[in-house]
Every structure is written in structure tokens, then in C-alpha cells.
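Notes for the structure review
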Amino acid sequence: MASPVGEDNWLDFVDQRSHAAKNLEDKVHVIETFKNAVLAEPGSLKIWLAYCKYFWSLRLDCQAGSGAGWPIDEQIIGRDIFTLDAALKLWQRGYEEVQYRLADSHQLWNHWVYLEMELLKPAATEAGIRRITHLFKNRLITPHTTWDHTSQMFSNFLSEYNPRAYEAEMEQATRNARDAKRLCSLRDPWELKLSQAAGACDIESMRHILSEYLDWEIMQHKSNKARRDIVINFQICLGLFSRALTGIMSSDDATWGNFITLISTTHTDLKAKTSKVPEILVPKMLDVLQRAVRHIPWSGPVWARYILAAEEARLPFSAVESIKHAATNSDQLDKHGMEGVLDMYSAWCGYLKRTAMNPNATEEAVDIADAGLATALDDVKHWGNRQYRETYQGDPHYRLEKILIQFLTEKKDDIPSARKIWEELSQIPLHRNSYDFWLNWYLWEMVAFTASKHKVRSPTPVTLAQGLRVPNFATRVFIRALKERNLDWPERVMQIFEKHCNDYETAETLREAHDTIFKTSKGVAKRREREEPQVDAAHHAEYTAGAASRPTQDVIMEDVVDRGSPESKRKREATPSDDGSNKRAKSEANGVEPKRDREHTSIFLWGLPTDVTKKKIEHFFREYGQLVSIDLKKRDNSVVAMVEFKIADDARAALLRDGKFFEDQVVQVTPAVDCTLYVTNYPPEADEKYIRNLFAEFGEIHDIRLPNLKYNTRRRFCYVVFRHQASAAAALKLHGTALKSGKYTLSVQISNPTQKKSRSGALAEGRELHVANLPRSMTEDEFTALFEKAGTVDCVRILHDKNGKSKGHGFVIMETPEQAQEAIKTLDMLIFGQNPIKVELAKAQAAKTASTRSADGAEGSSAAASPADSSSEPTSSKPSRVEVAARTIAVLGIPDTMTRERVESILAPTGNILKLTLHPQHGGAIVEYPDAPAAGKALLSINGMQLDDGSGQKLRAVEDVSELFKAKVEKRPELERIDRIPLPSQKKKPTAAELMPPPPRVQRPKVLGSGGKKRGLGFIGGVAPKKDATGTTATSTPTTTTVMKLAQWSSGMIRASGIASLSPLIRD
């Protein structure tokens, strides 16, 4: 009979046996069954509680006079088996197994301590009091949700049995329990959610909450912030997994996968001696996997891990084979299709291959692998045909065939047999239509060709007539591939085919390859033309179906504040892109540069060495397309790179480098598609640290890109780039989250630049009107009544200055565009009061290049030339320009991604700010303080102030505001574009003289002879050298007259040589 699986099944099984037990032997068998149950479900609270209670009942029943009806001989034997010491040890063992189940471990502990206190009542001994006191103290330093109840029980116990030590014991227990209470309080929100879902009997909610709780618990265990709690966090994490895997998640694949991975990584850390968790606390991998395959026998990956763990533990072949047989004997392995079967058989064949290819392998191991690999292939085909009949085409990734090919190639040296397997695979449409299959075959042929070079060859030399030694089989692979009419990516195959022939083949074969590629290209072009309408229709259907959940274009989102205000709904015009691409020349080819799409043209490269450079990465991908940018980030003891390609096809092609060697390390290549979130409507003062903390719980964040504010200060969005698609998908739950007490509603979507979102709202729909020349005394009620003559008015707003006076114009939103047009027709130029009002459709505001806010909350627009700019309405109390300038300073060194609100929060400690104008184009801000002393004090405080954004950049404050407008913002540390050659700066066109090469230097001829009047040719008598007092000859400079005469004498030569100036002569 098969053993039960799961907590409830074991309890039912044991219950049936206990009811059927008639004598002592049967009862001992029940105890043995309980032992098997706790081995199968070691963290089950229900089983341990039932086990301890049953054992305790047998201890009572075997006592004389118990009334249980046991025969005398069984009572005597029972008292030897079911002793008090054994019973108490069993209670203690059960408690130790479940003590970190925070929410329900008290059920077993309370029962146990109650029995201990009952034993103490008849004769309270000092040893018994110390024992129970010790139990209470240990319990109180263990996190659990009923800590207060346990503390009250301890208080009652001390009051009754040890009142003298009451205060000291309670004070010590409370002090020692601080960490336990702190750790428990961190988990209270999760426990409350679980309790509420359980009270509502909402199983699905419980599953969802428990799954999130487990993910959070794993993060707590791995967090560097909780290093001092690492051991107890690990124990609490195990306790939560016990609750999940013995409860509602006992058959959940993902939960078991998380648990297995946690245990596996912990064992890895223990081997590397980087974990502080004692090894005794970590469950053994084989025990965990044995439990897992019983609960989820349909999971091929778990069976594969089980086989791998057995191999790693060096179990004998028979033990590993028994695991494989247990998997195949399960009737649930193909429950979800063939994937589970293939995963298990891949692990089994991998084990056979590694065993046989071990240098110390015996001939028997090689023979077992030879027969076992072929048998596994036949078994998988049988499974597939049984489930799918004639439609089964095998494993899309032909994993088993690859293992067999490697075994035949490297161990058996049987190249023809291995090539025959490739031939058989090429007959299956699933493979022959895949470019990936043909490239893998080609790579294998090249490996076989290279290996054959090193074999012992005939001593007879190769003559030129015999020709070059070329990889003919590899070439034939491409020729066959290009004959397939349904090949999914023929362009890539043709590209590699041409390169292969250039590198290895003869001129004749290369010419034939060019012919083949040309003819194939024409056919492929026609095929793509036929497929284009279908592809467009498919894309349209995909985006239409997912419009509600798919990402929208990265447009500016508005604050969810004052929705009734027409001005708050004003949409923004398009602004230049962040990377300044609008300033570049259009495109060399067709005049328009395509929109940059990082989300679909990027990949992640994992496991790089710490000394990696961008040049090495360029070389690694040199055959896979043009690279645009490379972003390197450190991760533990390695580096992760985000590599952006020019086009999406190149990025997809680069995935073929997954699992390849980068120098001496195997790297992993994963797509970056759907890893980037477009986030808007967060608080204006939020910085990168705020955004990172907001999304940190969902997984590894590679980068956060903030927008450039130089062309529009209203921009408030960012891109959060995760390293895993699952992390980005999980973070979508933050969409709609209320921030700052509901003032802002966060918007989170998967970024997709290829999808454009149409504008919406009153302005875009033509329902918003701008009304000018209104009477200054008009109220909003009168404004509404006036426009209700043309239809229904949604809302109105009259604009006011900072003194609360009407500016004489406002906005109206009508219910429909037709009503708006009617209002224009009826009310435009209508005499209202004494002036004709002007009614027209509202227009979108231009982008703001500067942002201003005064102390009264009034916001300005565009860039102010100086802080002394004032309102058009002079007042008697208005300060002079000199006074304003004296109390105003300029702050330099502000990044162009920092919002005005963020700058205000940074400068707030420096004093009361009356007015702040941010100028991102100049990398600074103008700040006005109440008076000159306050400005001077702020000047000293700001100078050298370091930003907390991790850049290390320091602020600089100056009194002269004009310095700000002379400055240019420092270039942001964005990704360096490696696909562009920097253009030289524009200079004026050089003159012809400047283009000429410099003239040769004219050397003065040496003097012929010594002392006499004879001179060298062309010399005119000059001043003779004189000797000074020391006898040293003093040199003199030729006079200007001498040089000019020389110039006149040699003018013909100078003109002939083209020298434009006499300066060389003067220098010489």
C-alpha cells in the first residue's frame, strides 16, 4: 500500500489505525506510523500534536488502575515503553520542530506546558519550578503572535510558585524578549491579512497573501540590513514554509520551487563559507526533494533536481536509477504534457553521460550509458505517441538528442552515428523550419571538423592538386537549410553562410554561395511581402486585446489633484527627447531617424568578470549586430551588463550567446523585453532613492532613468528597469497605489515605446474654452450662468493673481464638443459689462524651461531673467531691485533631472525661501530669501553641500546671479552611445594660406674660415663677437637692419618658395 501524502491524509490514515488497534502490538504499530508521518511531514503541527497526545494517552492507559482495560502483562510492558521521560521528550521534540510557526505554534506549546504544570501541582519541587521557568523564558524569546498571552501565563506561574523572584524574572524575560517582539511586529501586517482572509474563508486570497508573505520572508533572510538576525530570520522562514507546505500550498509548484531554491542556495553558501546559518539548521536536499516529489509528482523539474542531488551526493547507480523508476512509475508525470517527462529524462540522460565521460569511468558505465541513452529516447517517443499520437514531433529543444550526440562525439568518437541523429532530426518539420536547429548542427559540424585536425594523419604530404582541407559537411548544412521554404529566419542563416564560406571555403564554393544567397534573398523578400499584412493584423489584434493592460506611450501624466479645474487638465506639448536626439542630423539614409526602443532592443548579460570592459563586450557580440550602448553594473562578485542593439532582430540574435564562454566564465544572456516600467504621478519631490525604495521589494533593479527637464520642467515620469520580467510584472500591483495620503495616485505600466496613446480629456476633445476680457468683478457663479446658455457646463475657473484679484480671463469645460462650438458661436464678442468677451478653444500650454514657486504658493512659467523681475502691478510696499538682488543668490551644480520640489526640500534647512526659480538648462536655481543676512547665511551653508543621490556632486552658491546664465549644465552620466562618432566642432573655413604646409626653417649658413674678412655667401658685415671679462664669447642678436637687408637680397627666393611671411626668418 502506498504511503499517504499530505498532512490531512496522514492524520486520516493514523486515525483509522488507532481505532483499529486492539492490543499493545497494534498500538506500537500506530506509534511507528506516527514516526513515519512526522518524517514525511516534519513541520506539520497537526501531526505532531496528534502524535504527542496519543503517546501521552498510552502512558496514562498503561498505569495500574487507569480503567483502560489493558491486560496486566501489557500494562507492565507498556510502562517500560511509554515512560514519562519519553513522553516529555516527545513533546519537546515536537515543539522544536514547530516553534517558529508564528501563528499556531502556541497550540502545541500551551498543551505541553499545561501538562508540565499539572505534574508540578502535587509536589512543587525547586527543580520542577526551575524547569518550567526555563521553558517559559525560552518561549518568550521565540517570536510568536501570542506573546502577550504567554507572558501572562508566566506571570501567573511566578505569582503562584515563585513570588519572591517575580519582579526580577519578569523584568529579565521582558528585556530578553525585545528582539522577539520586534521581529514579530514586522510580520504582524502579514499575519493580520492571513487571519482576515481565513476568517472570510477566502482560500484564493489566502494563497495569494501567503505567496507574497513567503517572498517577503525570503528577502528578509537575504537582506544585508538584517545581518544580525540572519539565523532567526532563516528559522522563521522555514517555519512559514512549513505552514504553507503542510497547508493550502502543499501542492503548489511555485512554493515548492521557492523552498527548494532557498535550501539549495543556503547549502551553496555553506560550502563557500559565506553563510552564518549553522549547517544543522538547514534541511538536507535529498530529504526536501523526496518530500517534494511526493506532493507534486507531475513536476519534471523537481524530479530532475532529485536526480541531480542524488548524483551530487554520490549515491550509487542503483539509488539514482530507483529515483528515475519512481518518476516513470508515476501516472502523473505527463499530467501537464510532455514537458515534465522531458525534464526528468534530460536529467537522467545527463547523469548517464557524465558518469560515462568521467575519466575514471569503467567500461560498464560506458556500456550502461550507451544503452540507457538510446532507451531513454525510445521511452520518450513512446510517452509522446501515447499522449499525442501521430502529431507528436519530439522535444522542440531536442535535449536528449543533444546529450546522445555529445556522448557519441566525445566518448565514442562515432561521428557518423552522431551525424545520423542530426539527419533524423532534420526530417521533422518542427526542427527543419527553425534556424536555431540548423545553426546548432553547423556548430557541431565545425567542432567535429576542428577535432579531426588534431588526429594522426597519413605521413603522405597533401599536394596542391588535392586542394584545401575545408569543412564540407558544415557547408552542406547551410545549403540544405536554405532549401527549406518555411525557415523562420533565413536572413540570419544566409548571413552566417556567407561568413563561413569567406572564412573556410574555396573560391568556387564561395561563388556558388553568393549565387544561392542572391536567389534565396529574392524568394525571402517576396515571402516577407506576402506575410506583412498578416503580421500587421496579428500585432494589431495583440495590442487591441491587451489595450487595458499593455503599456502606453511615455507621455506626461498629471497629478490627480483638483480634477475639477480646467487648468489642471492642461496637456503638455511634446518636448525634445532626453538624449538630445532632436539636435542630431536626421538620418543618413532616409532623412528620419527611427524612435529609440530600448525596451525591445536590449538584453542582459550576466556573470561577467569584475574587470570586464565595454570593448570586450563589443567583441563578444561583434557578429550579432550594431551595439548602441552598454551599461555595466556590479552584482555580488560579478558584473551585469545591459546591452542595447540598433534593432530588435539583433537583440534576439544575441540570445544565441547564452551559455557561451566570456574569457574563462560562462555567461547568461536574457532578453530585457517587458523588464522596464513606465512610472508616473509620484510626488514631485521624489528622487531616485525614493523610487528605488518603492520598487525594491519586487526584485533586482538595474537602473532608474529620470527625464531631462531642460526643455520642459513639468515632466514627472521615470523608467524603472528590472533585471527579470517576473519582477516587473509583480511590480505592476503598485499601479493605482495612493501616495502622500491619497494626494497622488501612482501609475505603473510596462513601457512600450512602439504603442502610441491618443490624447484624451477636455482639451483634446475640444470641450475646453478660453475666455478673455472678463469683467474683473465677475464671480464663478456668474461665469457658469453665462455659459449655461450654450449647454451644460462641467466646470469653470477664473484665474487670479497672488493677491487674489481676477486676471480677467478664465476657462470653461462644456459637456460636449458641440456645446463648446455653440458657446463660441453665441458668446464670442458678446458685450458683457462694458467689454466684448473673447471665446475660443483652449490651446495646449508650451513647455516650460524654468519653474518658479513663491512663498505664497504661486507658480510662474518660463525662465525669468533675474530675480528682480516683478509684477506688472506696482505696489507701494514692493521692494526695489537693489533690495531683491541683495537677498538673492544663485545655486549651481543642480542636475537637470532634479525637480523644483526636490531642490526646495534640499535647500529647506538653509532658511525660509521666498521664491525659487529652477533653470535646468543652466544647471542651477535662483533663490530669494527674506533679507540679505539670511541669504548670506544660506550662501555659506550651501557651498560644498553634497547631493544625496549617490553621484557625489556638490552644490555651489554665488552672489552674482548672472553667473548662473553663463553656466551650462553638466552632462548627465547617461549611457555612452558607442554607435556614434563625435562630430568635430564647427569652425570657420580656413584660408588658403592656413591650408598650406609650414615652410621649412631657414638656417643661417656657417661662417667660412676664421677671423678674416672673408664671409660666407650672402653675409653682410655685422658686429663681431666680443669677449666678456671672463673670456667667454658673448653672442649678439642680428640687428633689424641686417635682417631686412638679407630679406631684400633673398626676396626672389622667398617668393619662389611661397613663404607668406618673414616671421620664420626673424625667428631664425
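For the structure itself, look to the data block above.
Residues numbered from 1 in each chain as written. Predicted model: local features only at pLDDT ≥ 70, side-chain atom pairs only at ≥ 80, totals over all residues. Heavy atoms only, no water.

Time to look at empty space enclosed by the protein. Empty space among the atoms becomes visible once a probe the size of a water molecule is rolled across them. All chains considered together, the criterion is met by 3 cavities of 30 Å³ or more. If you add up the space inside the second largest cavity, you get close to 40 Å³. Per-element tally for the lining of the second largest cavity: the top contributor is helix 14 (residues 285–295), with 3 residues. Taken together, the residues of the lining of the second largest cavity sort by class into 4 nonpolar, 2 polar and 3 charged. (1 Å grid on protein atoms, 1.4 Å probe; cavity = no way out; pocket = protein on both sides within 12 Å on 5 of 7 lines; lining within 4 Å. Points joined across faces, edges and corners; volume = space filled by probe spheres on them. Helix = DSSP H or I, 4+ residues; strand = E, 2+ residues; numbered from the N terminus. Nonpolar A, V, L, I, M, F, W, Y, C, P; charged D, E, K, R; others polar.)

One finds Tyr345, Leu605, Leu608, Ile617, Phe621, Val643 and Phe645 to be the most contacted residues of the largest nonpolar core, which totals 127 residues. Here Leu608 is in contact with Ile617, Ser638, Val639, Ala641, Phe662, Gln665 and Val667, once residues within four sequence places are set aside. Residues Phe55, Cys62, Leu90 and Met153 belong to the second largest nonpolar core, which totals 51 residues. (Core = buried A, V, L, I, M, F, W, Y, C linked by side-chain atoms within 4.5 Å. Buried < 20%, exposed > 50% of the residue type's maximum accessible area, 1.4 Å probe, protein only. Contact = heavy atoms within 4.5 Å.)

Attention now goes to the pattern of salt bridges. According to the stated counting rule, one finds 47 salt bridges in the structure shown. Ionic pairing is found between Glu217 and Arg187, a salt bridge with its closest N-O pair at 2.6 Å. Of the two residues, Glu217 is situated in helix 11 (residues 203–222) and Arg187 in helix 10 (residues 178–199); the sequence distance between them amounts to 30 residues. Of the two residues, Glu217 and Arg187, neither departs from the other in class, the shared state being buried. Within the structure, one salt-bridge network assembled from shared partners comprises Glu339, Asp343, Asp395 and Arg399. (Salt bridge = Lys/Arg side-chain N within 4 Å of Asp/Glu carboxyl O.)

On to the sheet that holds strand 3 (residues 638–645). Here we have 4 strands laid out as an open sheet, ordered 2-3-1-6, and antiparallel in their pairing. The open sheet has two edge strands, strand 2 (627–635) and strand 6 (668–671), and neither has a second partner. The sheet shows a mean angle of 20 degrees between the axes of neighbouring strands, direction not considered. (Pairing = 2+ DSSP bridges. Axes fitted to C-alpha atoms, helices over the stretch in contact; angles between N-to-C directions.)

Once that is clear, we can look at helix 13 (residues 253–271). An α-helix turns once per 3.6 residues; consequently, residues spaced three or four apart project the same way. Taking 1.5 Å of rise per residue, the 19 residues of helix 13 would be expected to cover 27 Å, and the 27 Å separating its terminal C-alpha atoms lies within 8% of that figure. Along helix 13, the residues that are buried comprise Thr255, Trp256, Phe259, Ile260, Leu262, Ile263, Thr266, His267 and Leu270. Buried residues of helix 13, seen end-on, are gathered within an arc of 155 degrees and therefore sit on one face of the element. Residues of helix 13 that are exposed and point over 90 degrees away from its buried face: Ala254 and Lys271. (Expected span 1.5 Å × (residues − 1). Arc of directions from axis to C-beta.)

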